[in-house]
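Here is what each chain is made of, one letter per residue.
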Amino acid sequence: MLTLAIIKPDAVQRGRAGNILAHLESQGFVLRAVRMTRLTKSEAQAFYEVHKDRPFYASLVEFMTSAPCIPLVLEREDAVAHLRTVIGATDPAEAEEGTIRKLHAESKERNAIHASDSPENAVREVGFFFSEAERQRISA
Ligand code: CMP
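The rules behind each value
- Residues numbered from 1 in each chain as written.
- Predicted model: local features only at pLDDT ≥ 70, side-chain atom pairs only at ≥ 80, totals over all residues.
- Heavy atoms only, no water.
- Helix = DSSP H or I, 4+ residues; strand = E, 2+ residues; numbered from the N terminus.
- Contact = heavy atoms within 4.5 Å.
- Pairing = 2+ DSSP bridges.
- Axes fitted to C-alpha atoms, helices over the stretch in contact; angles between N-to-C directions.
- Near = heavy atom within 4 Å.
- Polar contact = N/O pair within 3.5 Å; in protein donor to acceptor, adjacent residues only side chain to side chain.
- Areas by Shrake-Rupley, 256 points an atom, 1.4 Å probe, with all protein chains shown as cover.
- Nonpolar A, V, L, I, M, F, W, Y, C, P; charged D, E, K, R; others polar.
- Core = buried A, V, L, I, M, F, W, Y, C linked by side-chain atoms within 4.5 Å.
- Buried < 20%, exposed > 50% of the residue type's maximum accessible area, 1.4 Å probe, protein only.
- Phe/Tyr/Trp six-rings, centres within 6.5 Å; stacked < 30°, edge-to-face > 60°.
- Lys NZ or Arg CZ within 6 Å of the ring centre and 35° of its normal.

Our next topic: the side chain of aspartate 10. Structurally, aspartate 10 can be placed in helix α1 (residues 9-13). Not counting the four nearest positions on each side in its chain, aspartate 10 is found in contact with Phe63, Glu106, Arg110, Asn111 and Ala112.

Right, here's the structure in full:
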């Protein structure tokens, strides 16, 4: 099973990307695709459209466009649920010890990593960042 993660701009800028990748691999995730991109405003707005009425939406879009991020396609049994456990709660203050957000996040917004929250969203989010040709290569 595949899921999508994004190493967010805060973690990339603080030099945590390699550490986070190693953490993911240590938890049994296999890296199937990777990009580095700087999201445009319209891309960030579209990716987080589900949150468009939330008070933090404008700030979230600003943060996600502030520097490059690293979208990843990861494979593992029960990948979606397992990745959510490995990254920890949205707010690092509430995240379990040893989770990626506990180790690397600065705040509820600047929280180091994103992970798809359902298998349906994993499909949507992989499609957001990776072309049809790349998805065919991944599943070949
Ligand atoms: P993510 O898993 O990418 O999904 C939505 C993002 O919105 C979340 O991580 C945080 O970066 C951000 N977010 C969620 N809740 C808040 C909040 N209360 N205040 C600021 N940012 C938030």
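One open sheet holds the 4 strands; their spatial order is β2-β3-β1-β4, and the pairing between them is antiparallel. Two strands in the sheet have a free side with no partner beyond their single neighbour: β2 (30-34) and β4 (113-115). Adjacent strand axes in the sheet meet at a mean angle of 30 degrees, parallel and antiparallel pairs treated alike. Where helix α2 (residues 17-26) meets the sheet, its contacts fall on β1 (2-7), β2, β3 (70-75) and β4, and the angle it forms with β3 comes to roughly 10 degrees.

Here the focus is the site of the ligand. For the ligand, the full set of nearby residues is Lys8, Tyr48, His51, Phe56, Leu60, Thr90, Arg101, Lys108, Glu109, Asn111 and His114. Within the backbone of glutamate 109, a nitrogen or oxygen atom sits 2.9 Å from an oxygen atom of the ligand. Calculation on the ligand without its partners gives an accessible area of 460 Å², and the protein chains cover 82% of this total. Tallied by class, residues from the shell around the ligand come to 3 nonpolar, 4 polar and 4 charged.

This part covers the nonpolar core. Across soluble globular proteins, nonpolar side chains show a tendency to be buried alongside one another. Formed by 20 residues in total, the largest nonpolar core has its most connected members in Ile7, Ile20, Leu24 and Leu83. Those elements that provide at least two residues to this core are β1, α1, α2, β3, α5 (79-87) and β4. Counting residues per element, this core draws most heavily on α5, which supplies 4 residues. Setting aside anything within four residues of it in sequence, one finds isoleucine 7 in contact with Val12, Ala17, Ile20, Leu21, Cys69, Ile70, Leu72 and Ala112. By size, the runner-up hydrophobic cluster in this structure holds 18 residues, among which are Ala44, Tyr57, Val61 and Phe129.

This part is about the packing of aromatic side chains. This model, assessed by the stated rule, comprises 4 aromatic pairs. Between phenylalanine 47 and tyrosine 48 the ring centres are 5.0 Å apart and the planes differ by 90 degrees, which places this aromatic pair in the edge-to-face class. Assigned by exposure class, phenylalanine 47 and tyrosine 48 land together as buried. Members of the aromatic cluster, connected to one another through ring pairs, are Phe47, Tyr48, Phe128 and Phe129. Here arginine 76 stacks its cationic end above the ring of phenylalanine 29, 5.8 Å away from the centre of that ring. Across the ring face of phenylalanine 47, the terminal group of arginine 124 is positioned such that the distance to the ring centre comes to 5.8 Å.

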